[in-house]
Amino acid sequence: MGNRAIWEQASTKHVREYDKLLEAARGGGLLVEREHELLASVLATGPFVVHLQSGHGLDDVGLVKAGARRVVGVDYSSVAAGAARRRARDVGVDCRYVVAEVPGVPVKDAAADLVYTGKGALIWMRDIDAWARDVERVLRPGGHLFVYEGHPAVPLWTWDEDDARIRPDRSYFAKSHVNDTFPGNGAQEWQWTLGQIVTAITTAGLHIQVLEEYAEPFWRPQDGTNAAAWSGRLPNSYALLARKPL
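The name given to the chain in an unreviewed UniProt entry is Ubiquinone/menaquinone biosynthesis C-methylase UbiE, with the source organism recorded as Kribbella aluminosa.

What follows is the structure in structure tokens.
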């Protein structure tokens, strides 16, 4: 089964848990506190936002409630896009969704004030340089890219609760590996280092303004798992804000 089919199957979770996610959307979405802080000045301008790999769309609700004029979400799962579209309509926010693969975003050149992405997005990019060029194309001069993402080191950590360990079958410098956990179980992930991500963005012509790494993961399973890698001693997520020159 290919990545797209696996993601369609995984996205049925957004349908099964529709009411729970709708409640979260009505509560304001899923932007974390640091996202609000880093994006405050951008969102204060009422930007048009393009969200690449928008998934369940709760981040989009958060962006609109924090000031975005409109959000267009792009996801290659028709199941995810359909559920997000319905949820936006139920909540009454200006979020629209298109089904498309990234890169290859069906948005006009220089249309977006802000491109938002992350929380499990970049691991599905086969070509990080093509992704960065697509971001630059979509952004207007002076527009921003914001990434809030799992740290590239995260796939290396075991989920052992007693001691943080690196999995013997993973390498920070490997090209890719097979995902063996939900939601992408069986899918191929691409292992981009933080250096490769930063280089792709700057080579595409964007200027990085903020790059921060955090010990706190952006996602935890709901079964009570408390992996030792989340103890505060290892990187688990990061945020990046970049700007396209005028």
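Still more to cover.
Chemist: Help me get a handle on the overall build of the chain, residues and values and all.
Modeler: When helices and strands are tallied, the chain shows eight helices and nine strands. For the chain, whose C-alpha radius of gyration is 17 Å, the value lies close to the compact-globule estimate of 18 Å for 246 residues. Expressed as a percentage of its 246 residues, the buried residues of the chain come to 53%. Within the chain, counting contacts between residues at least 6 apart in sequence, those at least 24 apart form 74% of the total. A gap of 6 Å separates the mean positions of the 28 positive and 31 negative side-chain charges of the chain.

Chemist: Any details on the UniProt feature "domain: Methyltransferase type" (unreviewed entry) in the chain? Residues and values, ideally.
Modeler: UniProt's feature table lists "domain: Methyltransferase type" (unreviewed entry) at residues 54–147, given in the numbering used throughout. Between the C-alpha atoms that bound residues 54–147 there is a distance of 12 Å. The span itself is 35% helix and 29% strand.

Chemist: I'd like a rundown of the packing of helix H3 (residues 18–26) against helix H5 (residues 58–65), residues and numbers included.
Modeler: At a minimum axis separation of 9 Å, H3 and H5 run at an interaxial angle of 15°. Considered as vectors, H3 and H5 are oriented roughly parallel to each other. For the pair H3 and H5, the sense of crossing is right-handed. Within the contact between the two elements, H3 uses Leu-21, Ala-24 and Ala-25 and H5 uses Leu-58, Val-61 and Lys-65.

Chemist: Please provide a residue-by-residue account of the pattern of salt bridges, values included.
Modeler: Tallied over the entire structure, the rule returns 18 salt bridges. Measuring nitrogen to oxygen at the nearest pair gives 2.8 Å for the salt bridge that ties Glu-37 to Arg-34. Pair noted here: Glu-37 and Arg-34 are both in helix H4 (residues 33–43), with a separation of three residues, about one helical turn. Take Arg-34: its relative accessible area is 29%, and that puts it in the partly exposed class. Note that Lys-119 is salt-bridged to Asp-59, the shortest N-O span being 2.8 Å. With Lys-119 in the loop between strand E4 (112–118) and helix H7 (128–138) and Asp-59 in helix H5, the pair connects residues that are 60 residues apart, well separated along the chain.

Chemist: Any details on the pairing of strand E2 (residues 70–75)? Residues and values, ideally.
Modeler: Counted residue by residue, E2 has five buried out of six residues, so it is predominantly covered. As for the winding sense of the linkage, the β-α-β connection from strand E1 (residues 48–52) through H5 to E2 is right-handed. Bridge analysis of E2 against strand E3 (residues 95–99) gives five bridges, and the strand direction is parallel. Looking at the pairing, Gly-73 lines up with Tyr-97 of E3. Handedness of the crossover joining E2 and E3 through helix H6 (residues 78–91) is recorded here as right-handed.

Chemist: Which residues make up the side chain of Glu-212, and what values do they have?
Modeler: Within the secondary structure, Glu-212 sits in strand E8 (residues 207–214). Dropping the residues within four chain positions of it, Glu-212 is found in contact with Arg-34, Leu-38, Ser-237, Tyr-238 and Ala-239.

Chemist: Tell me about the packing of H3 against H6, residues and numbers included.
Modeler: At their nearest, the axes of H3 and H6 sit 10 Å apart, and the two run at 50° to each other. With respect to H6, the element H3 is oriented oblique. Considering how the two elements wind past one another, H3 and H6 form a crossing that is right-handed. Residues Tyr-18, Leu-21, Leu-22, Ala-25 and Arg-26 of H3 form the contact with H6, whose own contacting residues are Ala-83, Arg-86, Arg-87, Asp-90 and Val-91. Here the contact of H3 with H6 is composed, by residue class, of six nonpolar, no polar and four charged.

Chemist: Describe the side chain of Asp-113, and please don't skip the residues or the numbers.
Modeler: By the element assignment, Asp-113 lies in strand E4. Here the side chain of Asp-113 touches Arg-140 through a polar contact of 2.4 Å, side chain to side chain. Those residues in contact with Asp-113, other than ones at most four positions away along the chain, are Pro-47, Phe-48, Arg-69, Leu-139, Arg-140, Gly-143 and His-144.

Chemist: Mind laying out the nonpolar core, listing which residues take part and the relevant values?
Modeler: One recurring pattern in soluble globular proteins is that nonpolar side chains are buried together. Membership of the largest hydrophobic core comes to 32 residues, with the highest contact counts inside it found for Val-50, Val-115, Trp-131 and Leu-145. Broken down by secondary-structure element, the contributors of at least two residues to this core are E1, E2, E4, H7, strand E5 (139–150), helix H8 (194–203) and strand E9 (237–243). Ranked by the residues each element gives to this core, the list is headed by H7, at five residues. Ignoring anything within four residues of it in the chain, the contact list for Trp-131 reads Leu-52, Val-102, Pro-103, Thr-117, Leu-122, Met-125, Leu-145, Val-147 and Ile-201. Of all hydrophobic cores here, the second largest spans 28 residues; its members include Ala-25, Phe-146, Tyr-148 and Val-210.

What counts, and where the lines are drawn
- Residues numbered from 1 in each chain as written.
- Predicted model: local features only at pLDDT ≥ 70, side-chain atom pairs only at ≥ 80, totals over all residues.
- Heavy atoms only, no water.
- Helix = DSSP H or I, 4+ residues; strand = E, 2+ residues; numbered from the N terminus.
- Rg over C-alpha atoms; globule rule 2.2 N^0.38 Å.
- Buried < 20%, exposed > 50% of the residue type's maximum accessible area, 1.4 Å probe, protein only.
- Contact = heavy atoms within 4.5 Å.
- Lys, Arg positive; Asp, Glu negative; His and termini not counted.
- Charge placed at Lys NZ, Arg CZ, Asp CG, Glu CD.
- UniProt positions renumbered as here; feature names shortened; annotations may be inferred.
- Axes fitted to C-alpha atoms, helices over the stretch in contact; angles between N-to-C directions.
- Parallel < 35°, antiparallel > 145°, perpendicular 65-115°, else oblique.
- Left-handed = near helix turned anticlockwise from the far one by under 90°.
- Salt bridge = Lys/Arg side-chain N within 4 Å of Asp/Glu carboxyl O.
- Right-handed = clockwise from strand over helix to strand, strands pointing away.
- Pairing = 2+ DSSP bridges.
- Nonpolar A, V, L, I, M, F, W, Y, C, P; charged D, E, K, R; others polar.
- Polar contact = N/O pair within 3.5 Å; in protein donor to acceptor, adjacent residues only side chain to side chain.
- Core = buried A, V, L, I, M, F, W, Y, C linked by side-chain atoms within 4.5 Å.

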